[in-house]
Amino acid sequence: MNDLWNMLRGAARGDRADPQDRTARDAPTQPAIIEASDLTKTYHSHGIEVRALDGVNLKIASGAMVAIMGASGSGKSTLLNCLAGLDTIDSGRIHIAGQDMAEMSDRARTALRSQTMGFVFQTFNLLPVLDAVENVELPLLILRVPATEARRRARALLDAVGLAHREHHRPAELSGGQRQRVAIARALINDPLIVWADEPTGSLDSEAADEIMHLFARFNQEQQQTIVIVTHAPEIGARAGQNLLMRDGRLV
Amino acid sequence: MTTSLAMLSVTATIVVVIILLVWGIGDAFIVRQSLRNFQRRPLRTMVIIVGLMLTTVLIAAASTVNATLVLAVKTVAIANVGRVDESVLQNGEGLGLFPVQIGTTVMARLAQDPLVAGVAPSLRIDGALVIDTTQRQVRGSVNILGMDPRQAGPLRDFSAQTSAPSTLEQLGAGDAILNASVATALHASVGDHIAIYSSSWAGQALQLRVVAIGGAGPLGQQQTVLTPLSTLQHIAAAPGMINRVYIANVGNPLTGSGESTVIARTIQSVLPPGFQVQLVKADAVNYALSAETLFGRILNLYTLFALAIDVLLIVLIFALLAAERRMDLGTLRAFGFQRGQLVEVMLFEAALYNATAALPGALAGLGLGYLVVTLINPTVAHLGFPLLVRVRPVDFVVTLCLGFLFSLLITALTISATSKLNIAAALHNAPDPPSTAPHFHELWQTAVGRQHEQWQRRLASFVGVLWGGCWRGFIPLAFGLSTMALAARHDQPLASAIGAVVEIGGIVLLLRWLVLWRAARDIQRLREDERLTAIERKRRQIDRVSTMFFGAYLVVYWGMPPMIAHYLAPSRFNGGIEEFFLAGILMVLGIVLAGAMNLSWLLTPLRALGARSGRLRHIMFIGLIYPAYQRLRTGIGLALFALVTFVMVVMASLTNSTSQRYNDISQLTGGYDIIGQSLSQPIGGIDAIQRKLAESDTHTAAAIQNISAAVELPLAIIEPGGNDAGWRLYPVAEVSGDFLKGAGLPLVARAQGYATDAAVWAAVRDHPGDVVIDAGALATDEAATLGIQAPGPPQLEHFAAPPIAATLLGPSSLESAISAPQTQALLRQTSPEVRALLSQPAQLLAYTLRLSNLTDADGKLQPTTVWAEDFRGNAQAARMTIIGIVNNTQGQRYGMLGTVATFAPLERGLTGISNSYYYFQLRPSADVSAIARTLSSDLLEYGFETTVISQALRDLNAPELFATQVLLRLVGLMLFVGTAALMISGLRSVVERRQQIGMLRALGFQRWEIQLVFFVETVLVAFGGTLAGLGMGLLLCHNGFALTFTDATQLGIALIIPWGTIAAILLIAIAAAAVAVAIPAYQASRVPPAAAMRYE
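The structure presented is a predicted model; accordingly, all values stated were derived computationally and were not measured.

Across the contact, 30 residues belong to chain B and 36 residues belong to chain A. Taking both sides of the interface into account, the surface hidden between chain B and chain A amounts to around 3100 Å²; carbon and sulfur atoms contribute 58%. If you sort the residues of chain B by the area they bury against chain A, B:Arg617, B:Tyr629 and B:Leu1003 come out on top, with a joint share of 20%. Run the count over chain B and chain A and you get five salt bridges. Across the pair B:Arg540 and A:Glu173 runs a salt bridge, and its minimum N-O distance is 3.7 Å. Run the count over chain B and chain A and you get eight residue pairs in polar contact (both at pLDDT 80 or more).

Bringing the packing of aromatic side chains into the picture now. What the rule picks out here adds up to 14 aromatic pairs over all chains. Ring centres of B:Phe474 and B:Trp513 lie 5.7 Å apart, and the angle between their planes is 75°; on these two criteria the pair is classed as edge-to-face. With a gap of 39 residues between them, B:Phe474 in helix α16 (residues 474-489) and B:Trp513 in helix α17 (residues 493-523) connect regions that are remote in the sequence. A relative accessible area of 39% places B:Phe474 in the partly exposed class. According to the relative accessible area criterion, B:Trp513 is partly exposed, its value standing at 28%. Between B:Tyr557 and B:Trp558, the aromatic rings sit 5.2 Å apart at their centres with planes inclined by 85°, giving edge-to-face as the arrangement. Of the residues examined, B:Trp558 reaches a relative accessible area of 1% and is grouped as buried. Aromatic rings pair up to connect B:Phe550, B:Tyr553, B:Tyr557 and B:Trp558 into one cluster. If you follow A:Arg218 out to its NZ or CZ, it ends over the ring of A:Phe219, 5.1 Å from the centre. Directly above the aromatic system of B:Trp517 lies the positively charged group of B:Arg521, at a separation of 5.6 Å from the ring centroid.

Moving on, we get to a nonpolar patch on the surface. Residues and elements named next belong to chain B. On the surface, a nonpolar cluster with roughly 520 Å² of combined accessible area is contributed by Trp444, Val448, Phe462, Leu466, Phe474 and Ile475. If you list the elements that add at least two residues to the nonpolar patch, you get α14 (440-449), α15 (455-471) and α16. You can see Ile475 is positioned in helix α16. Look at Ile475 and you get partly exposed, because its relative accessible area is 32%.

Here the phi dihedral of A:Ala97 falls at roughly 50°; this positive angle occurs in a residue that is not glycine. In this structure, A:Ala97 sits in the loop between β4 (91-96) and β5 (99-100). A residue is classified by how much of its surface remains accessible, and A:Ala97, at 13% relative accessible area, is buried. The backbone of B:Arg136 sits at a positive phi, close to 60°, despite the residue not being glycine. Of note, B:Arg136 is situated in the loop between β3 (116-132) and β4 (137-147).

This part takes up the pairing of strand β19 (residues 864-870) of chain B. All names here are of chain B. What you see with β19 is a clean split: Thr864, Val866, Ala868 and Asp870 sit on the buried side and Thr865, Trp867 and Glu869 on the side with no burial. Bridge count between strand β14 (residues 715-718) and β19: four bridges; the pairing is antiparallel. In the sheet register, Leu715 faces β19, and the bridge partner there is Asp870. As paired strands, β19 and strand β20 (residues 877-886) are joined by six bridges and run antiparallel to one another. Residue Ala868 lies in a different strand from β20, and its bridge partner there is Ala878.

As a further point, take the confidence of the model for chain B. Residue and element names in this part refer to chain B. Averaged over every residue, the pLDDT of chain B is 79; the share at 70 or more is 82%. For the stretch residues 809-821, pLDDT sits under 50, and the model shows 32 contacts to residues farther than four places along the chain or on other chains. Low pLDDT, under 50, characterises residues 1042-1052; the predicted model gives this stretch 27 contacts beyond four residues in sequence or across chains.

This part covers the sheet that holds strand β10 (residues 250-251) of chain A. Residue and element names in this part refer to chain A. Reading across the sheet, the six strands line up as β6-β7-β8-β3-β9-β10 and stay open at both edges, with mixed pairing between neighbours. Of all the strands in the sheet, just β6 (117-121) and β10 have a single pairing partner and so form its edges. Relative to strand β8 (residues 226-231), strand β7 (residues 194-198) is paired through five bridges, and the arrangement is parallel. Bridging across to β8, Ala197 finds its partner in Ile229.

This part is about the pattern of salt bridges. Evaluated as defined, the whole model comprises 30 salt bridges over all chains. We note a salt bridge from A:Arg51 to A:Asp54, for which the minimum N-O separation is 3.0 Å. In this structure, B:Glu941 and B:Lys692 form a salt bridge, with 2.7 Å as the shortest nitrogen-oxygen distance. In this pair, B:Glu941 sits in the loop between α35 (928-938) and β23 (944-948) while B:Lys692 sits in helix α26 (residues 686-696), placing the two residues 249 residues apart along the sequence. Taking relative accessible area as the criterion, B:Glu941 reaches 44% and is therefore assigned partly exposed. When salt bridges that share partners are traced, they join A:Asp106, A:Arg109, B:Arg1001 and B:Arg1007 into one network.

Along the polypeptide, A:Glu149 turns up in helix α6 (residues 147-160). By relative accessible area, A:Glu149 is classed as partly exposed at 27%.

Conventions used here
Residues numbered from 1 in each chain as written. Chains lettered and ligands numbered in written order. Predicted model: local features only at pLDDT ≥ 70, side-chain atom pairs only at ≥ 80, totals over all residues. Heavy atoms only, no water. Contact = heavy atoms within 4.5 Å. Buried area = accessible area lost by both parts, 1.4 Å probe. Salt bridge = Lys/Arg side-chain N within 4 Å of Asp/Glu carboxyl O. Polar contact = N/O pair within 3.5 Å; in protein donor to acceptor, adjacent residues only side chain to side chain. Phe/Tyr/Trp six-rings, centres within 6.5 Å; stacked < 30°, edge-to-face > 60°. Helix = DSSP H or I, 4+ residues; strand = E, 2+ residues; numbered from the N terminus. Buried < 20%, exposed > 50% of the residue type's maximum accessible area, 1.4 Å probe, protein only. Lys NZ or Arg CZ within 6 Å of the ring centre and 35° of its normal. Patch = residues over 30% accessible without salt bridge, like charges linked within 9 Å, V, L, I, M, F, W, Y side chains within 5 Å. Areas by Shrake-Rupley, 256 points an atom, 1.4 Å probe, with all protein chains shown as cover. Pairing = 2+ DSSP bridges. pLDDT = per-residue confidence, 0-100.

Right, dumping it as structure tokens:
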């Protein structure tokens, strides 16, 4: 497992472009960390078929900040879920840092997620039973990082997102913006290659949304993480380096 | 009673159904929404229905088993008394002869009575000795019956098993019909010659030829020889005389006794003074049912606990359903739905679940009851117990209706409680914020102070004041104190105990409120945005401490040993299942309350351990945190498992304790196989038996390993150094043979100076005056000092019966222990006071010996002096020294035992007692029945009656053995409920936490890790609950048993905890939890992360 981890990190980090060179990251000229070809996915229910992904092809460069945009029902969240290995595809290929996701077992996909990815969702998806710092350190526990080290890093990240004073508050005791900041800290705690964010500002007011996007931009610049954001809001898309527009299950 | 209950329950069910239908017709939305919810998730609907079914399953199973048990007990009782429903007899002593004309009058009066099937004037001679000279077998205590067959009807039906003449009319003067019982005992066949001896024709023998072997006969399973009335009148020198008129009612032998009172009244009208009509069958059935009462009480206790468990299960189901729907309910409320309308929608839906569950539940319960009884059949087949599953339609209807109504009631209460929600919090699926109820004094003002207030507001405020008063502890405190005072005045321990519990609860609430009030003042100094979180945290802390204290109080109060309770607390028990039930429920409540509220603290060590569990660390981290967070669910889960385990432990202990005296035959028999007694002339002791056998039957002699003998002596005993020095009664036996080597009499304590048991027995043999005594003679403290669990004190029969297997109703002289002629003669020599004592068991208890000064300061048994004298009064007293205690933990043997030389001085000048009982222990390979038969044959000249002890004990205890087997299996059903509850809880948990599971999967939890998380959670709850239930069960059994449930002082039952069974219960409970978690865990692991994220 560690070999996989090192290999992935090497593949991803070794060829990273200069963080200041936005052009290089904006266009897929850098080695692609996410590569998908001919993705299809169809939902079936009681004889009705809905094609959610219809031959999607894309490449996302390492360290890029990409917004996948489109109207409701266009398939953008499905695309994110499939790319992140949260959902399966009917056909096509997905390569994450050179690894073919379609060929992987569920076990390997899960391991890949825990080591290389972070997630932020519209509904925050924090575990209500854990307080802020426990939520943040959870991915490190899965990776078997020593408890004291995990706690130190979680605190540091909470500090970085401005919530050091709320570390022992449970999600129910935090505001929406604060919860999303905890979620971002959790997404970044394992130093992921890719952060997936599905409508991360959808439940927030404009001020909180702005704060969140600022955090994404900051981490993208400082940590060189690839950030893929699904959104239908043009103002969010405008802050990403690259926009992909989806319509009827296709990238247009 | 049952019929009126059925009417009531059916009426109530119909009314409830009509109300629901009217609701539905009046509001189509309710019906539409309910049906939609009902169909929406088939798995969830199925789980709920199965959960609700369990209510009716348990009640129906218990009802079926109870009905079967009652039927079986009745059948046995009726089989014992036979076809006779009523019997006319003359008051007075002796044979009670009266002219046959009385019988004729009764016959004439009842000739046209449609309720009567047969009348038979009869002469019955009891306690005869029958010798089958062909088979060379002897049997005592046989009834000899002569009957006028003209109008006998079913009474003449002997259900002949042979083809020989079997009707009374066909019997010749020298003919006899044997009923099955006596025929079996004598191994008799048609054509055998029998000789009958009786004190009614002393010096003569009635010689008869067996012409038929009958079935039960008019006197049922009582050993009966039927002979022509004239033959019996002739030999008894009572021509034209009878002493009974037997009447058989029409109809089913089981139900015929229902008309006995009417018939008795009719007969009484033609009888002269001095005659009475005995309701033979009704009395026998009532007596048998009262003997069944102990098991009935256990069954009632089981049903009560089953209902309590059901309540928890239903609350769990609907509380979880309400939690799942919280967001929907919040939305409906936001759009203008009244709370009442929400309740209506959910209640209608719940009624659909309940209605669907009731019938299958009742049928399943019935089937389960049938299965339990059927499974037991092979186990009890050797007892010859009539095992017919009985299902009365009326019981079924009652179960069905009550199950439905009970479930619906609990459902309604749960829904009503859970429908109260904060709309904003529900909409965002956030926890409810702290209460914003008006201040207490404002409510008070509105309720009573302000003028012109609307009555609705006034009422609501008044309820608010009451509620506030409860939460602040004032009302519980006042209620508790006044209840205690009233209970003390009317001597009601149970009410007093409840008052004490409520009072302490009030004090805890009052302190909680005061501490919280004080904390709130400090928190006011914090920043505004921190106050709410701070006060909520403080409240949680205070709640933890208060529940910990109150829970611990409940456990300690109900579980404390009687001795401590006597000094510290007012009386808690006065003997009854409701107290046992209440104690059990409150103890479990106490430990669950304290445990569930403080789980996060209690789990700290486990979490620390989990943090060191390497690869499993994150699994332990998540698995251990959910139970502490979901306190309600965890609490109900813990309570369910705790209650299930508690009930199983208590039930297993109760049934084990009650059945031990029936089940462990070798304990009861002391290892002896045959008991024998010479009924016609004294045999002359063990040596004479051995000599006789050596001469005539070396095969039998070789098969015998040990022979012992005992003669009961009527002695009074005094312990001069005892706490209660005074003449007291206790069984005493003069023993000889292998008894004096300890065979069948294991010692449980030896006096100082005796290194081995053999040394004790050598002293008893060789030093007149040295005796041993059984543990039942010890005072409780002395027994405790010696580490002996003493049984209850001896009962009446032990005073005139042999030291081992005294309750055996087999050997003739034991069957009528006190009324046997010899014993009667013996009693006539005693003072009226002693006679009164021996006929009054309650008074006997007060005068029973309780040795209290046997041990020294180090708790060692010292040789202890007592004095004894024969209570027939010859002014001879002798000093005895007790040097050993015979093990009698299960009350199987009683007496102070010594040699002939020890007791001889006391018997000087008194009529000798020749009533010797001989015990034979055979070599392992010997055929016990065959040896019993040959022994009787070899010693025929002495009228030597032999009985196979184990068989007689099994016959005697068949109903109890059966009941025990049934109860043990019924208790096992409880575990189904616990398992189902865990499964339901687990499945609900998967549904509720689908999104969180998805997130964990997204973060990197493997499928097996998710499964393990669920396993850890469930096993934690199951193990915690099981341990709590086990602890509470053992505590209550140990400390409450003797004083309460089985009323040990009267029944002579000692608590015997079945450790093996309890270990099995623990293992099964944990295994059941593993099974319960399997499906939810599998479901959880199959949750696709992306789908879970979408799930709402």
